Amino acid sequence: MTKLGVNIDHSATLRQARYRECLDNKEVIIEPNPIEIALLAEKAGADSITAHLREDRRHIVDADIYALREKITTKLNLEMACNENVLNVALDVVPDYVCLVPENRAEVTTEGGLDVITNYDKTKKVSDALTEKGVVVSIFIDPDEKQIEYAKKMNAPVIELHTGAYANAWGNKQKRLIELERLKRAAEFAKSIGLTVNSGHGINYQNVKELLGAFNFNELNIGHTIICRSLVVGIEKAVAEMKSLING
Ligand code: PXP
């Protein structure tokens, strides 16, 4: 059965919009609390909680990662770039999973998969350091056979396929089906060489069933759509609705 990882970054984005300067001030009621969101998501059936600690600490901050490690009872999936400063946090916290992603300062969100061919040495070094600590490393890549081969060569046991191009093609059936086929082929190839295959980015209530019809992913990492839906129905219902779509 496909698992659901709930990405809570956007709850932290809302918090930072008001309380960036006073996160340590005990007199202030800070809202929303991403840890509370994570605990409710778990209660509603999330199999793991994902948080991206960015180099610029735009949404999730170090204290969130430590609090998640202490409080959640499912798995903690830390998303991070190959950056020494964040790596030190990861080596200290020891999340269950780390997903290595690219990062650039101007982006609104992660824009593309990590290019593991160009960044092989740097990525392998970070991946090895985490693996040595017992962290299960996943690499976020585009659905491209060469990238998958390099991820495998790196000894990371898991890849997360970037579903953004597929999600962005919604409204253009021909393009969408091409992207879906690309994901299907890439996922089947990755599985055939022994990798565990997750996917994420842009997955929502509208496209999730078709995506899962193409390949039985191990886990989907979903953030934006669940946080948006939670504004209307609450986080528990938003997670439960997604779980029920995933479980058919
Ligand atoms: N997986 C990865 C690696 C990501 O970078 C993101 C975006 O932060 C997601 C999944 C979740 O994407 P979305 O918020 O569009 O569901």
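Residues numbered from 1 in each chain as written. Predicted model: local features only at pLDDT ≥ 70, side-chain atom pairs only at ≥ 80, totals over all residues. Heavy atoms only, no water.

Engineer: What should I look at first to understand the overall build of the protein chain in this one?
Structural biologist: Along the backbone of the protein chain there are eleven helices and eight strands. Relative to its length of 248 residues, the protein chain is compact, with a C-alpha radius of gyration of 17 Å against a globular reference of 18 Å. The C-alpha extent of the protein chain, read off along each of the three principal axes, is 55 × 40 × 35 Å. The 248 residues of the protein chain split such that 50% are buried. (Helix = DSSP H or I, 4+ residues; strand = E, 2+ residues; numbered from the N terminus. Rg over C-alpha atoms; globule rule 2.2 N^0.38 Å. Buried < 20%, exposed > 50% of the residue type's maximum accessible area, 1.4 Å probe, protein only.)

Engineer: Whenever I open this one, the environment of G213 confuses me. Can you help?
Structural biologist: Residue position: G213 is located in helix α9 (residues 208-214). Assessed through its relative accessible area of 64%, G213 is described here as exposed. Spatially, the C-alpha atoms of G213 and K184 are 9.3 Å apart, while their sequence positions differ by 29 residues.

Engineer: Mind showing me how you'd approach helix α5 (residues 120-132) here?
Structural biologist: Think of an α-helix as 3.6 residues a turn; residues three or four steps apart then line up on the same face. The end-to-end C-alpha distance of α5 is 18 Å, a good match for the 18 Å that 13 residues give at a rise of 1.5 Å each. Regarding α5, the residues found buried are Y120, T123, V126, S127 and L130. Axial view of α5: buried residues confined to an arc of 140°, hence all on one face. Across α5 from its buried face, at more than 90 degrees, point the exposed residues D121, K122, K125 and E132. Contacts made by the buried residues of α5 are with β3 (75-80), α4 (84-93), β4 (97-100), β5 (136-141) and α6 (145-153). In the segment just after α5, G134 is the residue with positive phi, at about 95°. (Expected span 1.5 Å × (residues − 1). Arc of directions from axis to C-beta. Contact = heavy atoms within 4.5 Å.)

Engineer: Explain the packing of aromatic side chains here, please?
Structural biologist: Two numbers describe a pair of aromatic rings. These are the distance of the centres and the angle of the planes. For the structure shown, the criterion picks out three aromatic pairs. Their ring planes at 85° and their centres at 6.3 Å tell us that Y166 and W170 sit as a pair that is edge-to-face. For Y166, a relative accessible area of 2% gives the class buried. You can call W170 partly exposed: its relative accessible area is 31%. A cation over an aromatic ring shows up here: K153 above the ring of Y120, its NZ or CZ 4.9 Å from the ring centre. For the cation-ring pair, R176 lies above W170, with the distance from its terminal atom to the ring centre recorded as 4.5 Å. (Phe/Tyr/Trp six-rings, centres within 6.5 Å; stacked < 30°, edge-to-face > 60°. Lys NZ or Arg CZ within 6 Å of the ring centre and 35° of its normal.)

Engineer: Whenever I open this one, the side chain of H52 confuses me. Can you help?
Structural biologist: By the secondary structure assignment, H52 is in strand β2 (residues 48-52). Here E103 takes part through its side chain, which lies 2.8 Å from a polar atom of the side chain of H52. (Polar contact = N/O pair within 3.5 Å; in protein donor to acceptor, adjacent residues only side chain to side chain.)

Engineer: What is the right way to read a nonpolar patch on the surface from this model?
Structural biologist: Taken together, L14, L231 and V232 make up a surface patch of nonpolar side chains, about 340 Å² in accessible area. Residue position: V232 is located in helix α10 (residues 224-233). According to the relative accessible area criterion, V232 is exposed, its value standing at 66%. (Patch = residues over 30% accessible without salt bridge, like charges linked within 9 Å, V, L, I, M, F, W, Y side chains within 5 Å. Areas by Shrake-Rupley, 256 points an atom, 1.4 Å probe, with all protein chains shown as cover. Salt bridge = Lys/Arg side-chain N within 4 Å of Asp/Glu carboxyl O.)

Engineer: What's the story with the nonpolar core in this structure? I'm lost.
Structural biologist: Proteins that are soluble and globular tend to have nonpolar side chains buried together. Within the largest apolar cluster, 69 residues are counted, with the highest numbers of intra-cluster contacts made by M80, L130 and L161. Ranked by residue count, the leading element in this core is helix α8 (residues 173-192), at six residues. (Core = buried A, V, L, I, M, F, W, Y, C linked by side-chain atoms within 4.5 Å.)

Engineer: Would you take a moment to explain helix α2 (residues 34-43) for this structure?
Structural biologist: Of all the positions in α2, only P34, I35, I37, A38, A41 and E42 are classed as buried. One face of α2 carries all of its buried residues, which in axial projection span an arc of 155°. Contacts made by the buried residues of α2 are with β1 (3-7), α1 (9-19), β2, α3 (62-71), α10 and α11 (235-246). Looking at where α2 begins, the residue whose side-chain oxygen comes 2.9 Å from the main-chain nitrogen of I35 is N33. Just downstream of α2, G45 is the residue with a positive phi angle, here 115°.

Engineer: Just to check I follow, could you spell out the sheet that holds strand β7 (residues 196-200) for this structure?
Structural biologist: Hydrogen bonding along the main chain pairs the strands of a sheet, whether they run parallel or antiparallel. Ordered in space as β1-β2-β3-β4-β5-β6-β7-β8, the eight strands form a closed barrel in which the pairing is parallel. Strand-to-strand twist of the sheet, defined as the mean angle between neighbouring strand axes without regard to direction, takes the value 25°. In this sheet, strand β8 (residues 219-222) lies alongside β7 in parallel orientation, the contact comprising two bridges. Counted as the bridge partner of S199 is L220 from β8. (Pairing = 2+ DSSP bridges. Axes fitted to C-alpha atoms, helices over the stretch in contact; angles between N-to-C directions.)

Engineer: Help me understand the pairing of β8 in this model?
Structural biologist: Across a regular strand the side chains alternate sides, sitting on one face of the sheet and then on the other. Burial along β8 is two-sided: E219 and N221 facing one way and L220 and I222 facing the other are all buried. Bridging between β1 and β8 involves four bridges; their strand directions are parallel. Within the sheet, the bridge partner assigned to L4 lies in β8 and is L220.

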